[in-house]
Amino acid sequence: MSVTRTVIGAVPSDRVITKFSQAFHPDATPYQKVNFHPKVKAACSENRTGRVGLKITKAVLVGDVSVGKTCMVNRFCHDVFDREYKATIGVDFEVEKFSVLSIPVTLQVWDTAGQERFKCIAASYYRGAQVVIVAFDLTDEPSLHNTTKWMEDACANADEPIKFLVGTKKDLLSPASYAEVEKLAVKYANRLEAEFWATSSKTGENVQEFFFRVMCLNFDCALLRELESEKGTSKQIGNDLIRVQGSTQLKLQMLGAQMEFQSSGWSTLEASDWTRSGQDWKGST
Ligand SMILES: Nc1nc2c(ncn2[C@@H]2O[C@H](COP(=O)(O)OP(=O)(O)OP(=O)(O)O)[C@@H](O)[C@H]2O)c(=O)[nH]1
Ligand SMILES: [Mg+2]
């Protein structure tokens, strides 16, 4: 079976990132980055695909029941807001394609259920997350207190993720009451070493800006790590940029229309050299 790879086609104009997104609150972030690292910019502008791999950003979204996690995802991915509450069962999953400095990047958002009875299902999706987003309701102080436990649980299973603390339902507060809540939220963010954002899925306030910041921070840090690792080599194959290195076992896991490459190792082969036998793919070396 020949490998029909997902051609990473053009992305919509509102998913093209050419400038580094800034933090929401300068005193409430551990990430003082205000621009892409020069090495990252150079690697992308010279289209040095030898260094750039197929980029997937995995973000998990956690937080108390009904704080507004799903509404945030729906506002960002589909630009809709549904006032009627439908609790998430287990985990929902959304994929958004971006172009960051002209490199195709895919954002996977795992929107988990806040209900206690689904907690163990949600936890199995924390593994491998590069971004942890803990949401709380700006009008519901107990949901802010609970963010500590959510952050601990999610980070225990992720791999040194970039951390965000996101307040929702900002439209429900007057400026004066919001200012009060923000003071407490900033304290929590600093203690959790997370970046604080305040959003409203109803009005859309700060939702797109937040997800753009997620993409910029993670793209910059992941690519810089890869460039500095000096181990990886990549191959430009067709429109896909696939990072290939190491030994010969490559497992293709079809995820909907999205192909996700996982491997116990890689080898410098053209993808067309791979033939399928059973569930495994064997390189022809
Ligand atoms: N006014 C206002 N209401 C919101 C906002 N975001 C969510 N809501 C409302 O809050 C309720 C819960 O929103 P959801 O996004 O479903 O909450 P959730 O965190 O996904 O809940 P679970 O899936 O049960 O964990 C819904 O009735 C929404 O209409 C917001 O920004 N402003
Ligand atoms: Mg939900």
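Provided above is the structure to which this section pertains.
Below is a summary of the structure that appears in this document. What you see is a predicted model, and the numbers here were worked out from it, not measured in a lab.

## Thoughts on the overall build of the chain
Within the chain, the secondary structure is distributed over seven helices and 13 strands. Just so you have it, the chain exposes about 13,500 Å², and 53% of that area is on carbon and sulfur atoms.

## With respect to the packing of helix 1 (residues 38-45) against helix 7 (residues 207-229)
Packing of helix 1 against helix 7 brings their axes to within 9 Å, and their N-to-C directions diverge by 80°. Compared by their axis directions, helix 1 and helix 7 come out roughly perpendicular. In this structure, helix 1 uses Lys-39, Val-40, Ala-43 and Cys-44 to contact helix 7, whose residues at the interface are Phe-219, Asp-220, Leu-223, Leu-224, Leu-227 and Glu-228. Across the contact of helix 1 with helix 7, the residue classes tally to seven nonpolar, no polar and three charged.

## Observations regarding the packing of helix 2 (residues 69-78) against helix 7
Running from amino to carboxyl end, helix 2 crosses helix 7 at an angle of 85°, the nearest separation of the two axes being 9 Å. The orientation of helix 2 with respect to helix 7, classified from their angle, is roughly perpendicular. Residue-level contacts link Met-72, Arg-75 and Phe-76 of helix 2 to Val-207, Gln-208, Phe-210, Phe-211 and Phe-212 of helix 7. The residue makeup of the contact of helix 2 with helix 7, split by class, is six nonpolar, one polar and one charged.

## Let's talk about the state of the cysteines
Applying the stated criterion across every chain, the model contains zero disulfides. Its sulfur unpaired, Cys-71 is 12 Å from the next cysteine sulfur, which belongs to Cys-77.

## Remarks on the site of ligand 1
Taken together, 22 residues lie near ligand 1, and Lys-69, Cys-71, Tyr-85, Gly-114 and Ser-201 sit nearest. Separating an oxygen atom of ligand 1 from a backbone N or O atom of Asp-82 is a distance of 3.2 Å. At 2.8 Å from an oxygen atom of ligand 1 is found a main-chain nitrogen or oxygen belonging to Ser-201. The site holding ligand 1 turns out to be the second largest pocket. Looking at the shell around ligand 1, its residues break down into eight nonpolar, seven polar and seven charged.

## Examining the coordination of the magnesium ion (ligand 2)
Surrounding the magnesium ion (ligand 2) are the protein donor atoms Thr-70 (OG1) and Thr-88 (OG1), which sit 2.0 Å from the metal. With Thr-70 in helix 2 and Thr-88 in the loop between helix 2 and strand 3 (91-100), the pair connects residues that are 18 residues apart, well separated along the chain.

## With respect to the pattern of salt bridges
Applying the stated criterion across every chain, the model contains twelve salt bridges. Taking the shortest distance from any N to any O, the salt bridge between Asp-137 and Lys-169 comes out at 3.1 Å. In this pair, Asp-137 sits in strand 5 (residues 131-137) while Lys-169 sits in the loop between strand 6 (162-168) and helix 6 (175-192), placing the two residues 32 residues apart along the sequence. The closest approach of N and O atoms between Asp-153 and Lys-149, which form a salt bridge, is 2.7 Å. Taken together, the residues span about one helical turn, with Asp-153 and Lys-149 both in helix 5 (residues 147-157) at a distance of four residues. With relative accessibility at 45%, the residue Lys-149 sits in the partly exposed group. When salt bridges that share partners are traced, they join Asp-14, Arg-15 and Glu-96 into one network.

## Here's the deal with the nonpolar core
Counting 40 residues, the largest nonpolar core has Phe-164 and Phe-219 as the members making the most contacts within it. Mapped onto this core, the elements with two or more residues apiece are helix 1, strand 2 (55-63), helix 2, strand 3, strand 4 (103-112), strand 5, strand 6 and helix 7. Ranked by the residues each element gives to this core, the list is headed by helix 7, at twelve residues. Non-local contacts of Phe-164, meaning those with residues more than four positions away in its chain, are made with Val-131, Val-132, Ile-133, Val-134, Met-151, Ala-194, Glu-195, Trp-197, Phe-210, Arg-213, Val-214 and Leu-217. Within the second largest apolar cluster, 28 residues are counted, among which are Val-62, Phe-136, Leu-144 and Trp-150.

## A short note on the side chain of Glu-94
Residue placement: Glu-94 occurs in strand 3. For the buried Glu-94, no salt bridge exists, and the shortest N-O distance to an oppositely charged side chain is 8.9 Å, to Arg-15. Reaching out from Glu-94, the side chain makes a polar contact with the side chain of His-78 at a distance of 2.7 Å. Contacts of Glu-94, omitting those with residues within four sequence positions, involve Val-73, Asn-74, Cys-77, His-78, Leu-107, Gln-108 and Val-109.

## With respect to helix 6
Residues three or four positions apart in an α-helix share a direction because the helix packs 3.6 residues into each turn. Compared with an ideal rise of 1.5 Å per residue, which puts 18 residues at 26 Å, helix 6 spans 25 Å between its outermost C-alpha atoms and is within 8% of the ideal. Looking only at helix 6, the buried set comprises Tyr-178, Glu-182, Ala-185, Val-186, Tyr-188, Ala-189 and Leu-192. Tucked into the core, helix 6 has its buried residues touching strand 5, helix 4 (141-145), helix 5, strand 6 and strand 7 (195-198). One or two positions beyond helix 6, positive phi appears at Glu-193, with a value near 55°.

Definitions and cut-offs
Residues numbered from 1 in each chain as written. Chains lettered and ligands numbered in written order. Predicted model: local features only at pLDDT ≥ 70, side-chain atom pairs only at ≥ 80, totals over all residues. Heavy atoms only, no water. Helix = DSSP H or I, 4+ residues; strand = E, 2+ residues; numbered from the N terminus. Areas by Shrake-Rupley, 256 points an atom, 1.4 Å probe, with all protein chains shown as cover. Axes fitted to C-alpha atoms, helices over the stretch in contact; angles between N-to-C directions. Parallel < 35°, antiparallel > 145°, perpendicular 65-115°, else oblique. Contact = heavy atoms within 4.5 Å. Nonpolar A, V, L, I, M, F, W, Y, C, P; charged D, E, K, R; others polar. Disulfide = S-S within 2.5 Å. Near = heavy atom within 4 Å. Polar contact = N/O pair within 3.5 Å; in protein donor to acceptor, adjacent residues only side chain to side chain. 1 Å grid on protein atoms, 1.4 Å probe; cavity = no way out; pocket = protein on both sides within 12 Å on 5 of 7 lines; lining within 4 Å. Sits in = over half its atoms within 2 Å of the grid points. Donors = N, O, S within 2.8 Å, 3.2 Å for Na, K, Ca; no water. Salt bridge = Lys/Arg side-chain N within 4 Å of Asp/Glu carboxyl O. Buried < 20%, exposed > 50% of the residue type's maximum accessible area, 1.4 Å probe, protein only. Core = buried A, V, L, I, M, F, W, Y, C linked by side-chain atoms within 4.5 Å. Lys, Arg positive; Asp, Glu negative; His and termini not counted. Expected span 1.5 Å × (residues − 1).

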